[in-house]
Amino acid sequence: MADNKILQEILAFEQKLGLKRGFYNDLLENDDWSFVIKLNAVFEAACTQALTQRLLCPELLGDLAHLDFSDKRRGKVRFLRSLDAISETHAKILYALAELRNSLVHNIAQVNFSLTRHFNELDKNQLKSQCELWGYGVTDTFLSNGKQVSRKEFVKSQPKRAIWMTCFEILACLHLEFELAEVRNAERDMDGYKRILQRIELPDITLKGLLFADNEKRQN
């Protein structure tokens, strides 16, 4: 998927979530504490929307909104993974985001939290693991300030941007559930028409007529 296509997915999702245009991009201007809290909130809402689309039940939006986000047995992320709406890596990233958010929101002393300081305090193994996780959306080498740097160097030196880039891709993938829902609804309608025709034994040409009339009705 091209970067421009991903951007369009994000902008469209912002509108569906009731956010101002450019909200996701503006997250980079927030302090690190606010960045993590708001980013997690965006995904809580986005996952709810994605679930309703995957289940083809938009009427459940209010009920699904009350599900825990990161409960690994019955949370939104777990359900999306079970439905194959997100990959295992996506799920790990969202769980890590929720864990980071919880460590900040329950301790007001963390209001001055710094992602850069946080990464600098990790031991070698932790740093490697975190760089692999949050560098998921970053290429092996990255151009930063006119200089080629490795993924690990980039994530460690600019963790906020690395997290933002990685989550950017996941958010766009979640929004694709709206397009997939349209396809599934169309397939379901087609199957329904076919079953009707089988029962009344009408010729295939009648199916085309029914579909055309249905489309005309929807457009009007």
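Look up a bit, the structure's there.
My aim in this report is to walk through the structure given alongside it, one point at a time. By convention here, each chain's residues receive numbers from 1 onward along its written sequence. In keeping with the predicted nature of the model, local features appear solely for residues at pLDDT of at least 70, side-chain atom pairs appear and are counted solely at 80 or more, and the whole-chain, interface and lining totals rest on all residues. Side-chain calculation: all heavy atoms of the structure are included, whereas hydrogens and water are not.

**What to know about the pattern of salt bridges**
For step 1, the next point in the chain: Think of a salt bridge as a Lys or Arg side-chain nitrogen and an Asp or Glu carboxyl oxygen that are within 4 Å of each other. Across all of its chains, the model carries five salt bridges by this definition.
For step 2, the next point in the chain: Among the charged side chains, a salt-bridge network with shared partners connects R81, D84 and E88.

**Points about the side chain of K76**
For step 1, the next point in the chain: In this description a helix means any DSSP run of H or I spanning at least four residues, a strand means any run of E spanning at least two, and both kinds are numbered starting from the N terminus. Here K76 is to be found in helix α5 (residues 76-82).
For step 2, the next point in the chain: The cut-offs for exposure are 20% and 50% of the maximum accessible area for each residue type, with area from a 1.4 Å probe on protein chains only; residues under the lower value are buried, those over the upper are exposed, and the others partly exposed. Asp and Glu count as negative and Lys and Arg as positive, but His and the ends of the chain are not part of the count. Of the side chains with opposite charge, E44 comes closest to the buried, unpaired K76, at an N-O distance of 4.2 Å.
For step 3, the next point in the chain: Note on definitions: a residue-residue contact is assigned when non-hydrogen atoms from the two residues lie within 4.5 Å. With sequence-adjacent residues up to four places away left out, K76 is seen in contact with E44, C47, T48, L51, L64, A65, L67, D68 and F69.

**Digging into unusual backbone geometry**
For step 1, the next point in the chain: A positive phi angle, near 55°, is found at L56, a position not held by glycine.
For step 2, the next point in the chain: Its place among the elements puts L56 in the loop between α3 (32-54) and α4 (61-64).
For step 3, the next point in the chain: Of note, the phi angle at D84 is positive, near 65°, even though the residue is not glycine.
For step 4, the next point in the chain: For D84, the location among the structural elements is in the loop between α5 and α6 (88-105).
For step 5, the next point in the chain: Look at D84 and you get exposed, because its relative accessible area is 56%.

**Here's the deal with the packing of aromatic side chains**
For step 1, the next point in the chain: Aromatic contacts are taken between Phe, Tyr and Trp rings whose centres are within 6.5 Å, Trp giving its six-membered ring; a plane angle under 30 degrees counts as stacked, one over 60 as edge-to-face, and the others as tilted. Applying the stated criterion to the full structure yields four aromatic pairs.
For step 2, the next point in the chain: Lysine and arginine charges are scored as sitting over a ring when NZ or CZ, respectively, is within 6 Å of the ring centre and within 35 degrees of the ring normal. We note K16 situated over the ring of F178; from NZ or CZ to the ring centre the distance is 4.7 Å.
For step 3, the next point in the chain: Between K72 and the ring centre of Y95, over which it is positioned, the NZ or CZ distance is 5.0 Å.

**Quick word on the environment of V105**
For step 1, the next point in the chain: Following the sequence through the fold, V105 ends up in helix α6.
For step 2, the next point in the chain: Relative accessible area serves as the criterion here: at 33%, V105 is assigned to the partly exposed category.

**Comments concerning the layout of surface pockets**
For step 1, the next point in the chain: Buriedness for pockets is judged along seven lines, at least five of which must meet protein on both sides within 12 Å for an open set on the 1 Å grid over protein atoms alone, while cavities are sets there where a 1.4 Å probe fits but cannot get out, and lining residues have an atom within 4 Å of a point. Grid points are joined across faces, edges and corners, and a volume is the space filled by probe spheres set on the points. Looking at the second largest pocket, its volume works out to about 200 Å³.
For step 2, the next point in the chain: For the lining of the second largest pocket, the secondary structure elements donating two or more residues are α6, α7 (115-120) and α8 (124-134).
For step 3, the next point in the chain: Top element by residues in the lining of the second largest pocket is α6. It accounts for four residues.

**Some words on empty space enclosed by the protein**
For step 1, the next point in the chain: Under the definition given, this model contains one cavity of 30 Å³ or more.
For step 2, the next point in the chain: Approximately 30 Å³ is the volume found for the largest cavity.
For step 3, the next point in the chain: For the largest cavity, the full set of lining residues is I10, F13, E14, L17, L19, F23, Y24, V42 and L171.
For step 4, the next point in the chain: Going through the elements one at a time, α1 (3-16) and α2 (23-26) are the ones with two or more residues in the lining of the largest cavity.
For step 5, the next point in the chain: No other element matches α1, which puts three residues into the lining of the largest cavity.

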